[in-house]
Amino acid sequence: VARSGYASLIGDLLAILANPAEGPRFRAFCVQHLWENYAKTDAKRQAELDGVFRERLGDPDVEVRREALLALVRLGKPEGQQTAEKWLTDPATADVRDLAIHCLALLDRRERIPDIRRCLDDPNEVVQIAAIVVLSTWGDTASRPAFEKAAAQSQRLRLQRAAQAALRRLDPPPAGPAGR
């Protein structure tokens, strides 16, 4: 709204989002843009958007569900945290587990480290990488053996590189002589 000056943008995005004939990617972009315009609206419209984001957590399209969760987490809504925690461990939500990990990192939910650490063995490489990134960013030295194993033994280059970067985060280079 602020960038385009188009006053009906939010209404149009809501109409597109509700249209089942639209593709999942476009509908996900609608959720993303609704979040981006959230702060520029009044309290009544924000309450409506809160409901839309909550409703879209159950959307049939995974892309839309992912954007809805991200919006709720970024807005600091309790449903965002609750959903991220549920999606982290629920076997039925394997397709969004990587996002749940990143959302819990955004929320700084370090008490979930044991659950995230279990994701280091997830069959999905994207979930493993998300866990490696978050755990190493948090300085979780207990995960070092898993990082070392992935760095040395993984047949997947992306996983190897993520583990190598994690080890570098855990072991920053020693400070050199002053002036260098």
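Heads up: the structure comes first, above all this text.
Residues numbered from 1 in each chain as written. Predicted model: local features only at pLDDT ≥ 70, side-chain atom pairs only at ≥ 80, totals over all residues. Heavy atoms only, no water.

A. Layout of the environment of Leu120. Position of Leu120 among the secondary structure elements: in the loop between helix H7 (113-118) and helix H8 (125-137). For Leu120, a relative accessible area of 14% translates into the label buried. In sequence terms Leu120 and Asp50 are 70 residues apart; their C-alpha atoms lie 33 Å from each other. Dropping the residues within four chain positions of it, Leu120 is found in contact with Gln128, Ala131, Ile132, Leu135, Ser143, Ala146 and Phe147. (Helix = DSSP H or I, 4+ residues; strand = E, 2+ residues; numbered from the N terminus. Buried < 20%, exposed > 50% of the residue type's maximum accessible area, 1.4 Å probe, protein only. Contact = heavy atoms within 4.5 Å.)

B. Seen up close, the nonpolar core. Judged by nonpolar contacts, the single largest core of 50 residues is most densely connected at Leu34, Phe53, Leu69, Ile101, Ile116, Ile132 and Phe147. Setting aside residues no more than four positions away along its own chain, Phe53 makes contact with Val31, Leu34, Trp35, Tyr38, Ala68, Ala71, Leu72 and Leu75. (Core = buried A, V, L, I, M, F, W, Y, C linked by side-chain atoms within 4.5 Å.)

C. Expanded view of the packing of aromatic side chains. The final tally for this structure, using the stated rule, is 1 aromatic pair. Over the aromatic face of Trp35 sits the side chain of Arg74, whose NZ or CZ is 4.4 Å from the ring centroid. (Phe/Tyr/Trp six-rings, centres within 6.5 Å; stacked < 30°, edge-to-face > 60°. Lys NZ or Arg CZ within 6 Å of the ring centre and 35° of its normal.)

D. Geometry of the side chain of Glu85. By the element assignment, Glu85 lies in helix H5 (residues 78-89). Among the residues examined, Glu85 registers a relative accessible area of 16% and is labelled buried. In contact with Glu85, other than residues within four places in its own chain, are Leu104, Arg109 and Arg112.

E. The arrangement of the environment of Ile132 in detail. Tracing the chain through its elements places Ile132 in helix H8. A sequence separation of 27 residues divides Ile132 from Leu159, and the C-alpha atoms of the two residues are 8.8 Å apart. Among residues more than four places away in sequence, those in contact with Ile132 are Leu120, Phe147, Leu159, Ala162, Ala163, Ala166 and Arg169.

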